[in-house]
Amino acid sequence: MKVSFHGACREVTGSCILVETGKTKFLVDCGMFQDESSVFKNEESFAFNPSEIDFVLLTHAHVDHCGRIPKLYKDGFRGKIYCSQPTREISRAMLLDSANVFLKDKKISPIYFENDVWGVMPHFQYLSYNKETAVSSDVRIKLMDAGHVLGSAVFEVLIGKKKMVFSGDLGNHPAPIVKNPETVAGADVVFLESTYGSGFHEPRESGREKLKQAVIDTVNKKGVLMIPVFALERSQEILFELKRLLTKGEIPSVPVFLDSPLASQVTDIYRKFANLFDEEAMALMGKGEDLFDFRGLKFVKKPGQSKKISKMKGAKIVLAGSGMCDGGRIGGYLKKNLDNSRNRLLLVSFQVEGTLGSVLASGAKEVKIEKQRVKVRADVSLLSSFSSHADQRQLAEWVSKIKNPRPKNIFLSHGEEKSRLALKEALEKELKINCCLPEFQKEYGL
Ligand SMILES: [Zn+2]
């Protein structure tokens, strides 16, 4: 059996692992490259023949995991894509949005079009969690909740007597809305993400406190609180947290705008799959509460409305994409508001090196946004507690529970070099399990 890595080596985007059993060839994820240094790889041909791939196991709907699936289809793939039901629905929204971005953004050449997304959608087949399914003559699979975003899955893959486990992205528990990542009983080989392999999150409670203070401070100064968000999970989580603070009377009522049509669409899909929420969220839904709506909140649909919101006087909170400040509607708000000390920027997501978000997080006093130089006088802070990725401690703890059998090997992907190196060191020292840092497109025998 052979495995090779076609993305997410020394970086956090482009997840794509090829497994060849001798009888079956399949991929785990087929994501888009989003790092500035590797985005050109999206346009390159796959290093394997897409028409020979029997199926894809899709861990979740983030574009860095599903974003090259329509290209795979365009290049000849006709197999099934196995995933959870929310992943299928959210992927449709995310992929159609990407196809649209390709057309609008002159810097990116389209790697597929809307018709490719519609072409591949019937190939998505959803499976329930915790149910073993035979997907080829020698491969059986089981999805388990990864607790990262709604619908995210860890895949257990049984090939003969060998058990492989693919973590996808693992959640930072306890998180609101989604359940905690499920524990895997045993594995021979584990493929583990390492986004925060060198990091430790601050406790969620301190993140909530900082969010609360940021809102109070913004209202007192009659400023603008800008929160760049990803459409999937972070938007729903921040809405949930704001509603919680408001309900408890810990923050005053203030106009809040979710200026992202994609985030609004994903929020609707969340409402549809409330049966997969964690206990707290389910209990609130049971009382008839809408977790993602509250007094003062407006879902902004039309692009023209952003300008009107910008002109509105008084304190306000704006949630807009992209989560790393590169592109999306947040750019307009940053240009207008960064140079005023009454305003605040709260970064609540992982900021890939080189993105505008990472430059702002590092304390830059001046930045360039869409060719315009902007002085940074607003308060900028980065909160890691809202991350939807497990940190080093949580990753090690998750692996330590895999006991029957204990894995002999762990492949670390989906992390920048310093992260995967630090995680390798921690896992080898604490758990005495050999870790491999895979190279792009290199084959490994199993
Ligand atoms: Zn993810």
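A quick note: this is a predicted structure, and the numbers were derived from the prediction, not measured. (Residues numbered from 1 in each chain as written. Predicted model: local features only at pLDDT ≥ 70, side-chain atom pairs only at ≥ 80, totals over all residues. Heavy atoms only, no water.)

**Details of the packing of helix α3 (residues 85-104) against helix α7 (residues 261-272)**
For step 1, the next point in the chain: The contact between α3 and α7 brings their axes to 10 Å, and the two run at 170 degrees. In terms of their interaxial angle, α3 and α7 are classed as roughly antiparallel. Contacts from E89, I90, A93, M94 and D97 in α3 reach L262, Q265, V266, I269, Y270 and K272 in α7.
For step 2, the next point in the chain: Split into classes, the residues belonging to the contact of α3 with α7 amount to seven nonpolar, one polar and three charged. (Axes fitted to C-alpha atoms, helices over the stretch in contact; angles between N-to-C directions. Helix = DSSP H or I, 4+ residues; strand = E, 2+ residues; numbered from the N terminus. Parallel < 35°, antiparallel > 145°, perpendicular 65-115°, else oblique. Contact = heavy atoms within 4.5 Å. Nonpolar A, V, L, I, M, F, W, Y, C, P; charged D, E, K, R; others polar.)

**Let's talk about the domain arrangement of the protein chain**
For step 1, the next point in the chain: If you check the domain split of the protein chain, you get domain 1 (2-199 + 388-445) and domain 2 (204-382).
For step 2, the next point in the chain: Inter-centroid distance (C-alpha atoms) of domain 1 to domain 2 is 28 Å.
For step 3, the next point in the chain: Each partner contributes to the interface: domain 1 provides 28 residues, whereas domain 2 provides 25 residues.
For step 4, the next point in the chain: Note on domain 1 versus domain 2: buried area summed over both sides is about 2500 Å², and carbon and sulfur give 67% of it.
For step 5, the next point in the chain: A per-residue breakdown of the area domain 1 buries against domain 2 is headed by L150, P176 and I177, which together make up 30% of the total.
For step 6, the next point in the chain: Linking domain 1 to domain 2 there are one salt bridge. (Domains from an automatic or database assignment. Buried area = accessible area lost by both parts, 1.4 Å probe. Salt bridge = Lys/Arg side-chain N within 4 Å of Asp/Glu carboxyl O.)

**Let's talk about the coordination of the zinc ion**
For step 1, the next point in the chain: Looking at the zinc ion, one finds its protein donor set to be H60 (NE2), H62 (ND1), H148 (NE2) and D169 (OD), positioned 2.2 to 2.3 Å from the metal centre.
For step 2, the next point in the chain: Considering all four donor atoms around the zinc ion, angles at the metal cover 92 to 168 degrees and the coordination shape is irregular.
For step 3, the next point in the chain: In the primary sequence, the donor residues of the zinc ion line up as H-x1-H-x85-H-x20-D. Highlighted residues: H62 in the loop between β4 (55-57) and α1 (63-66) and H148 in the loop between β8 (139-145) and β9 (153-159), separated in sequence by 86 residues. Comparing H62 with H148, the two get one shared label, buried. (Donors = N, O, S within 2.8 Å, 3.2 Å for Na, K, Ca; no water. Tetrahedral: all angles 85-135°; square planar, octahedral: opposite > 155°, others 65-115°. Buried < 20%, exposed > 50% of the residue type's maximum accessible area, 1.4 Å probe, protein only.)

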